[in-house]
Amino acid sequence: MNVGKSTSKALRLLSKPSARTYRSHPIRAASQCSAPGPSSPQNDRPHFPCVDAHAARESRIISSRSSSSSASSSPSGPEPPYARPNPTSYKVYHHDSPLPLVYADPLPSFDIAYETWGELSPRKDNVILLHTGLSASSHAASTELNPADGWWEKFIGPGRALDTNQFFIICTNVLGGCYGSTGPSSPDPATGEPYATRFPVLSIFDMVRAQFCLLDHLGIDSLYASVGSSMGAMQSLAAGWLYPERVGKVVSISGTARSSPSAIAMRFAQRSVLMADPNWKNGFYYDGLPPHTGMKLARQIATITYRSGPEWDLRFGRKLRPLPESELPAERARPPALCPDFLIETYLDHQGEEFCLKYDANSLIYISKAMDLFDMTAPALAELRLPLPPPRSSPPPLPPSLRPASPAHAQYHFGVSHSKSHPPPPNPPLHLPDLAAGLRPLANTPVLILGVQSDILFPVEQQREVADALRIAGNQMVSYYELGGVWGHDTFLLDVQNVGGAIRGFLS
């Protein structure tokens, strides 16, 4: 049998038009499959409140801007919605000399917004620098100038994790932010117009260097501790790495020393939907409407990474939003909605709506990119031309309750370390030796690392990895704890007892 001839004949037969194939049939609409009821006539167009909400929000923005500008006597126009807290409720340090940057030419000058709690000791040796997450302001706790609760309200105060009876706490809005510190929404000194996307790409190291310019201005030579969660945990590690002699202790909560591909992917998705918003205009939107729709969607994506599936199962399950009796059909099942219908959908919708006008879109893009770029492995640091500083040579500071120093000072931190109880990794990642080499400047700095088992944004394996790398680098003063619970990444904001207790024990 000639297979080639048979195949060719078959192909020719298939290529001939078929009368049956091309016979004309009337096209039947899906609605013809069942007779429409009296409440759903064929010509009615569907109504989507969740889509209409974007247009309604846009109308409110336009209306509020026109009413604000007509009532405002300021020549610069109304304050943008994300410029919170109010500028009278925080201090601003202006640095008028250039700041070297990792990826760009020096920033000519910059502002850093900050707030403080507690009393600075006469020797200025009781200072804790508190680093924020991606979108947080300097308002970590209430103050006389701003009595509103801060984002870490229950962790700061007398007898709390950051004990204001013992410590002087400083919290800044990061460089690149929009709550008082210089960022893309700030005026470019060269033009007087907002930087927008002319603003230089930042690194976590740039943010920390700007903070230490503030410390220099305040006459603070050394920190008792550098404390941070999430992106703040990156900054805290970077502070101890850049300035081993100036940072006494490091607290890193739900963070990492090397951004993972999964976290980069999540943040890329957020930036993608934001930059696809027509109002983004390549970042030059400050004289018009902000990309509020993209910001809402970006926040919804982010919120998925902040909590955990088990929590949402307990909190929402598969429950639907309640409907009025008048909307419930009598003779058939409840009709599903394409807009938020499940309670989890309404929760995400609410989170996006609450956030979309509170933060600057360009700040979100720039700061999230800085998080993606963070990598403390030795080859990555070498590529950035960041020389490794020598480890700390002086003993770490004692808690205020144990001062003045005793002969046992040098052994104190070894006694409270939990490094030896942490087992070596059974299957270490290939980059672990490079990370250990990169973290060598922290070899003599006490470090507290907290991880959360339900965290999907910074999985607990990343905190174990930091603890392992520090131990391999020679650090015998590592305290490492894993927390349970269902709150996911947001555990650092909610679990006052366990997170707060671990910090208080480590610092005090």
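Everything here concerns the structure above.
Residues numbered from 1 in each chain as written. Predicted model: local features only at pLDDT ≥ 70, side-chain atom pairs only at ≥ 80, totals over all residues. Heavy atoms only, no water.

### Quick notes on the overall build of the chain
Reasoning step 1: For the chain, the count of helices and strands is 16 helices and ten strands.
Reasoning step 2: For the chain, with 508 residues in total, the buried portion stands at 47%.
Reasoning step 3: Pairs at least 24 apart in sequence give 76% of the contacts found in the chain among residues at least 6 apart.
Reasoning step 4: For the chain, the accessible surface area stands at approximately 25,300 Å², while carbon and sulfur atoms represent 57% of it. (Helix = DSSP H or I, 4+ residues; strand = E, 2+ residues; numbered from the N terminus. Buried < 20%, exposed > 50% of the residue type's maximum accessible area, 1.4 Å probe, protein only. Contact = heavy atoms within 4.5 Å. Areas by Shrake-Rupley, 256 points an atom, 1.4 Å probe, with all protein chains shown as cover.)

### Quick look at the sheet that holds strand β1 (residues 91–95)
Reasoning step 1: The strand order β1-β2-β6-β3-β7-β8-β9-β10 describes an open sheet built from eight strands, whose pairing is mixed. Sheet topology places β1 and β10 (478–483) at the edges, where each strand pairs with a single neighbour. Each strand of the sheet is rotated relative to its neighbour by a mean of 20 degrees, with strand direction disregarded.
Reasoning step 2: Direction of pairing for strand β8 (residues 250–253) relative to strand β9 (residues 447–452): parallel, over a ladder of four bridges. Across the sheet, Val250 pairs through a bridge with Val447, a residue of β9.
Reasoning step 3: Its contacts with the sheet put helix α14 (residues 460–472) on β9 and β10, and the angle it makes with β9 is roughly 160 degrees. (Pairing = 2+ DSSP bridges. Axes fitted to C-alpha atoms, helices over the stretch in contact; angles between N-to-C directions.)

### Looking at the packing of aromatic side chains
Reasoning step 1: By the definition in use, this model includes 13 aromatic pairs.
Reasoning step 2: With a centroid separation of 5.9 Å and 45 degrees between ring planes, the pair formed by Phe205 and Phe374 is classed as tilted. Highlighted residues: Phe205 in helix α4 (residues 204–217) and Phe374 in the loop between α10 (361–373) and α11 (378–383), separated in sequence by 169 residues. Neither residue differs from the other here; Phe205 and Phe374 are each classed as buried.
Reasoning step 3: Note that Arg246 overlies the ring of Tyr243, its terminal NZ or CZ placed 5.7 Å from the centroid.
Reasoning step 4: Between the NZ or CZ atom of Lys249 and the centre of the ring of Phe506, over which it lies, the distance is 5.3 Å. (Phe/Tyr/Trp six-rings, centres within 6.5 Å; stacked < 30°, edge-to-face > 60°. Lys NZ or Arg CZ within 6 Å of the ring centre and 35° of its normal.)

### With respect to the nonpolar core
Reasoning step 1: Ranked by internal contacts, the top residues of the largest apolar core, which has 81 residues, are Ile170, Phe205, Phe212, Tyr359 and Met376.
Reasoning step 2: In terms of residue count, α4 provides more of this core than any other element does, nine residues in total.
Reasoning step 3: Within the second largest apolar cluster, 28 residues are counted, among which are Leu162, Ala225, Phe506 and Leu507. (Core = buried A, V, L, I, M, F, W, Y, C linked by side-chain atoms within 4.5 Å.)

### Focus on the side chain of Arg392
Reasoning step 1: With respect to the secondary-structure elements, Arg392 resides in the loop between α11 and α12 (409–416).
Reasoning step 2: Of the side chains with opposite charge, Glu245 comes closest to the buried, unpaired Arg392, at an N-O distance of 4.9 Å.
Reasoning step 3: Here Pro395 takes part through its backbone oxygen, which lies 3.3 Å from a polar atom of the side chain of Arg392.
Reasoning step 4: Excluding residues that lie within four positions of it along the chain, Arg392 makes contacts with Pro244, Glu245, Arg246, Val247, Gly248, Pro397, Pro441, Asn444 and Thr445. (Lys, Arg positive; Asp, Glu negative; His and termini not counted. Salt bridge = Lys/Arg side-chain N within 4 Å of Asp/Glu carboxyl O. Polar contact = N/O pair within 3.5 Å; in protein donor to acceptor, adjacent residues only side chain to side chain.)

### Quick word on α10
Reasoning step 1: Between the first and last C-alpha of α10 there are 19 Å, a value that for 13 residues agrees with the 18 Å anticipated at 1.5 Å per step.
Reasoning step 2: Here α10 lies mainly inside the structure; eleven of its 13 residues are buried.
Reasoning step 3: Listed as buried for α10 are Ala361, Asn362, Ser363, Leu364, Ile365, Tyr366, Ile367, Ser368, Ala370, Met371 and Asp372.
Reasoning step 4: As for α10, its buried residues are in contact with α4, α5 (231–242), α6 (261–275) and α7 (292–306). (Expected span 1.5 Å × (residues − 1).)

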